[in-house]
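Analysis of the macromolecular model
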Amino acid sequence: MTLLPLQAHHDQAQETLPPEVYEYYASGAGAELTLQEQEQAWARFRLRPRVLRDVSTVDLTTTLLGTPFSSPVAVAPAAFQQLAHPDGELAVARAARATGSLYVCSTRASRPLEDVAAAADGPWWFQVYNMRDRDLTAALVRRAAAAGARALVVTGDTPVVGIKRRVSGTRISVPDDSYLVNLERHLAGLPATAARAAAEQDPSATVDVVGWLREISDLPVLVKGVLRGDEAVRCLDAGAAGVVVSNHGGRQLDRAVPSALALAEVVRAVDGRGPVLVDGGVRSGLDCLVALALGAAAVLVGRPVVWGLAADGATGAAAALTALTDDLAHVMALTGAASLAELDPSLVVPPATGW
Ligand SMILES: Cc1cc2nc3c(=O)[nH]c(=O)nc-3n(C[C@H](O)[C@H](O)[C@H](O)COP(=O)(O)O)c2cc1C
Ligand SMILES: CCCCCCC(=O)C(=O)O
């Protein structure tokens, strides 16, 4: 069940955004089966609460790769936020700062990286698309590191961009001032079409990209888009500091397993070698609770933050994060957990069939 403020932001965004922008954000790949199942999958878990515990205060503080945060609810990387609100990524970074949440900035940010970093004014991570032009990728990564990014999140599930049928009727055309804002200085002289081609994801990339990113940045690297235990281990063996269980919000491979159903296997396989974060369809404190109890170190949210941004800029994005965090605290109290350390898999009954 989606929390009321999140639903209200969504409805307002749907009413006010240009239809092609709304569809770009809302849509999933193919027949949107993964998109639809994603939210429902969290609700298929059942809870086994503890009783008579002191839950007069619920502590949601956590630490990710050595950095403390006020809440385990974090902002997923999402492209082209200026299409939702003129302040775009600046507003979302400010929202994350206001709520003490981790902010992950997309390679496809539509405001200059350095300005986003200044707006974040605290710990943030940079999501990497490994682009056809490796020098361009390197230049962006170095800029992110210089601007204070504390980790890189390389997205592994997007060797090519998923086809969104809903969008094709009203195909979004991202204006150059949003698309190229972070790229053009590295591609001086190239016409816009060639610049966009250079910036496409490189489908030949392998897991070796993890070592390369570490080398050029000196930052820890997490791999996003992992849905299998064996693949998580492969990423860690290649030098990853952690993984993000994700199917890209149902926007890449339709019929990919919902993140909720992949999480436990990945946590087991990772076996404490690094943090496992998760995203996809998280719309309530109960969804967060299940994820954290299954072993997620943090829960990323994508569309709810974008809807909040569209509805009310930084205030709306912060309201979405606060609503999820407050709801998490409430259901943790009902579960008998006063801190994140008291969440464990014994609190959760998985769906009977696995499906
Ligand atoms: C509009 C939009 C743009 C996105 N852009 C990126 C991106 O640039 N890089 C990336 O790794 N993931 C991107 N994602 C995927 C999100 O990081 C995240 O995996 C997904 O949105 C989580 O699902 P949720 O929207 O149901 O919370 C995007 C998602 C949306 C909805
Ligand atoms: C038009 C290029 C789309 C880049 C991918 C952004 C993304 O990850 C997403 O929309 O999802």
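Above this text is the structure in question.
Let us look at the structure shown here.

What counts and how
Residues numbered from 1 in each chain as written. Chains lettered and ligands numbered in written order. Predicted model: local features only at pLDDT ≥ 70, side-chain atom pairs only at ≥ 80, totals over all residues. Heavy atoms only, no water. Near = heavy atom within 4 Å. Polar contact = N/O pair within 3.5 Å; in protein donor to acceptor, adjacent residues only side chain to side chain. Areas by Shrake-Rupley, 256 points an atom, 1.4 Å probe, with all protein chains shown as cover. Nonpolar A, V, L, I, M, F, W, Y, C, P; charged D, E, K, R; others polar. Salt bridge = Lys/Arg side-chain N within 4 Å of Asp/Glu carboxyl O. Helix = DSSP H or I, 4+ residues; strand = E, 2+ residues; numbered from the N terminus. Buried < 20%, exposed > 50% of the residue type's maximum accessible area, 1.4 Å probe, protein only. Pairing = 2+ DSSP bridges.

**Considering the site of ligand 2**
Taken together, Tyr24, Ala79, Arg108, Tyr129, His248 and Arg251 make up the full set of residues near ligand 2. Note that an oxygen atom of ligand 2 is positioned 2.6 Å from one of the side-chain N or O atoms of Tyr24. The side chain of Arg251 places a nitrogen or oxygen atom 2.8 Å from an oxygen atom of ligand 2. A total of 340 Å² of accessible area belongs to ligand 2 in isolation, and the protein chains cover 79% of it. Here the residues of the shell around ligand 2 are counted per class, giving three nonpolar, one polar and two charged.

**Digging into the pattern of salt bridges**
Counted under the stated rule, the structure contains nine salt bridges. Residue Arg50 is joined to Asp344 by a salt bridge in which the shortest nitrogen-to-oxygen separation is 2.8 Å. Of the two residues, Arg50 is situated in the loop between strand S1 (46-47) and strand S2 (62-64) and Asp344 in the loop between helix H14 (303-335) and strand S12 (348-349); the sequence distance between them amounts to 294 residues. What makes Arg50 partly exposed here is its relative accessible area of 26%. What makes Asp344 partly exposed here is its relative accessible area of 22%.

**Quick word on the site of ligand 1**
The full set close to ligand 1 counts 22 residues, and Pro77, Ser106, Thr155, Asp279 and Arg283 are the nearest of them. In the model, an oxygen atom of ligand 1 is placed 2.6 Å from a nitrogen or oxygen of the Pro77 main chain. His248 has a polar side-chain atom sitting 3.4 Å from a nitrogen atom of ligand 1. Expressed as a share of its isolated accessible area of 600 Å², the protein-covered part of ligand 1 is 99%.

**Regarding the pairing of strand S9 (residues 242-245)**
Every second residue of S9 is oriented toward a common face, with Gly242 and Val244 on one face and Val243 and Val245 on the other, all of them buried. Pairing of strand S8 (residues 221-226) with S9 involves four bridges; the strand directions are parallel. Its bridge partner being in S9, Val223 is matched across the sheet by Val243. Looking at chain direction, S9 and strand S10 (residues 276-279) are connected through three bridges and run parallel. Within S10, the position partnered with Val243 by the bridge is Val276.

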